[in-house]
Structure formats: structure tokens, C-alpha cells
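# Descriptive structure summary
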Amino acid sequence: MKNNLRKILVISIAPMVFGCSKDYFDVNTPTGSATKEQVAMNDLLGPAIYHTVQAQYFAERAFGNFTQYFTYQGGGSEEPTSIPSTWSNIYLEALPNLNTILAKAEETNSNHFGGVAKILIAVNLGIATDSYGNIPYSEASQGSENLKPTFDDQESIYASINTLLDEAISELESENISEFFPTETGDIAYRGDMDKWLRAAYTLKARYAIHLTEVHGESAATDALTYLQNGFESNADDLQIFYDERNLNPWHSREVLAPNTGNPHDKICDQLVSYMNGSLYPFSGVLEIDPRLPLYAELDSDAEQGDPFRGYDMGAGGLSSDGESANTDFADNGFYTKLDSPIVIISYAEAMFIAAEAEFLINGGDENSTGSSSESYSAYLAGITANMEKLGADGTEYLADDGIAVGETALMLNHIMKEKYIANFLNPETFVDFRRYDFSPDVFLGLTLPLDNAEGEFPGEWLVRAQYPDTEETRNPDNVNANKQSPIVPVWWDQ
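### Concerning the overall build of the protein
Secondary structure summary: the protein contains 17 helices and 6 strands in total. Rg of the C-alpha trace for the protein: 22 Å, near the compact-globule value of 23 Å for 495 residues, within the 12% margin. A separation of at least 24 residues holds for 75% of the contacts in the protein among residues at least 6 apart in sequence. Within the structure as shown, the protein displays about 18,900 Å² of accessible surface, and the carbon and sulfur contribution to it stands at 46%. If the 28 positive side-chain charges of the protein are averaged to one point and the 76 negative ones to another, these points end up 7 Å apart.

### As for unusual backbone geometry
Phi angles above zero are rare outside glycine, and Asn109 is one such case at about 55°. Within the secondary structure, Asn109 is located in the loop between helix H2 (84-108) and helix H3 (111-132). A positive phi angle, close to 55°, is found at Phe439, a residue other than glycine. By the element assignment, Phe439 lies in the loop between helix H15 (429-436) and helix H16 (470-475).

### So, the packing of helix H14 (residues 413-423) against H15
Between H14 and H15, the least distance of the axes is 10 Å, while the angle of their chain directions is 155°. Between H14 and H15, the interaxial angle falls into the category roughly antiparallel. Of the two possible hands of crossing, H14 and H15 adopt the one that is left-handed. Listed contacts from H15 to Met417, Lys420 and Tyr421 of H14 are Glu429, Thr430, Asp433, Phe434 and Arg436. In terms of residue class, the contact of H14 with H15 is made up of 3 nonpolar, 1 polar and 4 charged.

### Some thoughts on the environment of Leu287
On the secondary structure map, Leu287 appears in the loop between helix H9 (270-276) and helix H10 (293-296). Take Leu287: its relative accessible area is 16%, and that puts it in the buried class.

### Some thoughts on the side chain of Asn176
As for its placement among the helices and strands, Asn176 is situated in the loop between helix H4 (154-172) and helix H5 (194-210). Separated by 2.9 Å, the side chain of Asn176 and the backbone oxygen of Ser178 make a polar contact. One polar contact links the side chain of Asn176 to the main-chain carbonyl oxygen of Phe180, over a distance of 3.0 Å. Apart from residues no more than four positions distant in its own chain, Asn176 is found in contact with Ser110, Asn111, His112 and Phe181.

### A short note on the nonpolar core
In terms of nonpolar packing, the biggest core is built from 139 residues, with Trp197, Leu239 and Phe425 touching the most fellow members. What Leu239 contacts, discounting residues up to four positions off in sequence, is Ala189, Tyr190, Trp197, Ala200, Phe232, Val344, Ile345 and Ile346.

### So, H2
Helix length check: H2 (25 residues) gives 35 Å between terminal C-alpha atoms against 36 Å at 1.5 Å per residue, within 8%. The largest bend in H2 amounts to roughly 40° and is located at Ala94, with the proline Pro96 lying one to four residues further along. The positive-phi residue at the C-terminal boundary of H2 is Asn109, with phi of around 55°.

Conventions adopted
- Residues numbered from 1 in each chain as written.
- Predicted model: local features only at pLDDT ≥ 70, side-chain atom pairs only at ≥ 80, totals over all residues.
- Heavy atoms only, no water.
- Helix = DSSP H or I, 4+ residues; strand = E, 2+ residues; numbered from the N terminus.
- Rg over C-alpha atoms; globule rule 2.2 N^0.38 Å.
- Contact = heavy atoms within 4.5 Å.
- Areas by Shrake-Rupley, 256 points an atom, 1.4 Å probe, with all protein chains shown as cover.
- Lys, Arg positive; Asp, Glu negative; His and termini not counted.
- Charge placed at Lys NZ, Arg CZ, Asp CG, Glu CD.
- Axes fitted to C-alpha atoms, helices over the stretch in contact; angles between N-to-C directions.
- Parallel < 35°, antiparallel > 145°, perpendicular 65-115°, else oblique.
- Left-handed = near helix turned anticlockwise from the far one by under 90°.
- Nonpolar A, V, L, I, M, F, W, Y, C, P; charged D, E, K, R; others polar.
- Buried < 20%, exposed > 50% of the residue type's maximum accessible area, 1.4 Å probe, protein only.
- Polar contact = N/O pair within 3.5 Å; in protein donor to acceptor, adjacent residues only side chain to side chain.
- Core = buried A, V, L, I, M, F, W, Y, C linked by side-chain atoms within 4.5 Å.
- Expected span 1.5 Å × (residues − 1).
- Bend = angle between axes of the 7 residues up to and from the residue.

As C-alpha cells, then:
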């Protein structure tokens, strides 16, 4: 699987079908470009998956700072962001390829290709709407027929996501009736395994259901559990892609290579370290640190032998929360920062934490309650176990420690969300969780506004959405301005 990116063909489709603005049509067709009729669905699928993952990566480049996984190299916090590379990867790369696949699948009755394309369209819409709120969809990707698409409201986007996933499930549960199907060459995520795509669709439905706890209350949790019954069964089901020595993992490029060449990079934040070094969640036994911490972070070159991990306090200018100089870099050989590391869209561990949270809420739990059902506690432990196994960490002592193995009668929501936070390292899904619980320090212990927040544009406020990119505002001003919101105004499902 690690060599599959080598097989991606960079396809230039003419005429262009992006449909975001006329600027993209003010150029000549590139020499050697291919028409939609000339490219096969497998040729388009690899690039579509790749750009979906790239869109997620660029979103996390900003949102990982919002959720205090990392600070900028000087310890600073993120200002309002428009994540333009997320927008361009979705609207100029992923969706055009996916819409072309979908059209070809309909023409050839290739229901398995159609199902996979619909799952990936849903993922791209999810990344976009959870980042920006209202986004183009129903009028997007129409090419020159509509250069200024209107924006769909987020509630309708969520309805479209669920419709796409329902249709994908129906198509994947049916036998493929065409001679065309995703192969290992094109499907760089699951190598043509439609059972895994099917389980991914159900698990994604659970993710988008749990997003709506503020909108639908307990029924959102009930829906999530229903979908998980057909969702991921193990780490082998994780929806992800691996990189290789010719196509470097972008986190490796930014966090490992960039520091060696004097380019911008990030530092591990105190919020993450404090969850993993026993300071916010004290260990009761022989443990000194979470065994996953060295797989995420390492001490910098100025640290002395025996120094503890000290994360960068957000906005503290290079200090840790104990007032000492911070000393945590991204690990050179970290699980997510090696050159061939995966980027994960959604995992089995996340599915287990969705189940744990859903069971906790259905059992009447809230941000401050203590105790839950055996089902919630079992899912909580299963999520930890799955993440330990995925990372190759020995979680035996960790899972046996009384600070982790609290028992169902002492389980609190913050235990579940802390472990989900650790397991979803470098995944923008955590930004959704922070907003769903309004950045509550009861749910995310120790969470405070960045220390430099008072010096920013919105003192005393959390940033809760991305802004539309300037390029899109220039090209489609009326529709952008009709939907533009302040970065401190919650998205629909958080109101």
C-alpha cells in the first residue's frame, strides 16, 4: 500500500469542470491534457483520494493550532484563517474528478465506482462545511454553465452528505453489475476492497450523526450507535493513505524537514503533553508518561538528559505551563511524521470513542456527571486499545493504571474526550469536538484561551470557523458576501 501513490496519474481534464469561477476558464487548454472521455475511472480515483486527504491536511494545519495540538515555532497561536489550500483541493481537484467518476459510473452502470465516489464527495463536503459553514454544492462543478454558484446552507449540506452515504451504502451492498470496478491501482485507500468502503460509509454516517448532538440531542447519539453496528470492525478498516519516499507525508515535510532548512514549522503544545505526562490526569502506578507520547513528540536539542516533556503553552512565547522553557518538537520518527506515515481520514479508534460518547449521553450523562453504562466504558477502553495497537505502543500498563481504568461508575465525559483527542492527533475532527462542547474545560481539562489571545483581533473569543478564501471572494463576490460570517460566529450545528 505504501507504494500506491507512485501510481497516481496527474490528470488534466479538458474542458475544465471545476465550476467555481470564470478565471479558471481564461487560459488555453494545456498541451497533452486529457478529455473526460479519454480517462478511465481508476485513473481519476487515485488523484481524487489524494486531494481529499490533502484538503484535510491543510485544514488541520490551521485547526490543529486551534485545538492546541501544536503551536507555531515561536509558541504563537493562529489568527483567523481561510485555509485556501483546503478550498482549492476540494473544489479544483477532488470534486471535479469525483463528479467525472460519478458521471462515468452512471453511464456504465458501475455501481461500485458510484458508491466509492459518493463516499468521497461526502467526505469533501464534510471537510468544507465543517470548516466554512455554508458552501457551494448544488450549483458547483458546472463549469462554464455557472461561473458563480450559490452557496447551500449547512443544514442542507448535512442532508446531502447523508443522502450520498445512503446511496453509496445501497450501491456497495449490491453486486457490481458492470465490467468496471475500483482496482488496487486506482483505489489507494482500500485497494478495491468494497467491504471496507461499505464499513467506512456507515462509520462516516456515525461521525456526522454525533456532530448533531446540539441539534438533535439524544437521537443523534442513538443514530450514531445504529450506524456503528455496520461500521468499522478493527484498525484494518481505517480509511487512510500511506506515503512513500517519492511522495513524502506532508507532516514529515513540515515538522521534520522544515526545521532543518530554516522553514516554518510547529512545536508540540502543552495541552497535548499535559494529557499524556500525568499532569492533568495523574497516573497512580509506575507510569511516568503515556507510551504514545514519544511517538508524537521528542525533546529538542537544548533539553538535558532526564528532562521531562514540557509542551509549548499556547501563546506563551516559548514557555511551558510550569514557567520553564518548553522543549517538545515533533518526533523525527513519529508515527504520523515519518516520510511514509499515513494520514487518517477516520479510524476504528474514533468509531469506538463515538460509541463511548453516544452511550454516555444516552445513559443521561452530561459534561459534569459521573458514571455511565458498561457499554460506554467498554467502548472507551476499546478505543484506547485500538489506538495503542495502531501506533505499535504497549498499552498494558496504561490500561491497567487507575487513572485510566476508572471503572464505569467513575467514568466521565472528559475521560472519553481526552482519549479521543489523543487518538485523533492531527485530525481536524478534534476541532468539531471542541466546538460541539463549546471549548468547555469540563470536557477538555486544562483548556484555556491562548495567552496571546488578548493581543489578537478577537480578545476573549474562540475562533470557530474558517473564512472564505480571498480568491473566491474576488471571483464570486455576491455569493461569498451573502454567506460570510465572523470567525467567532458558530456554524449551524453549534448554535
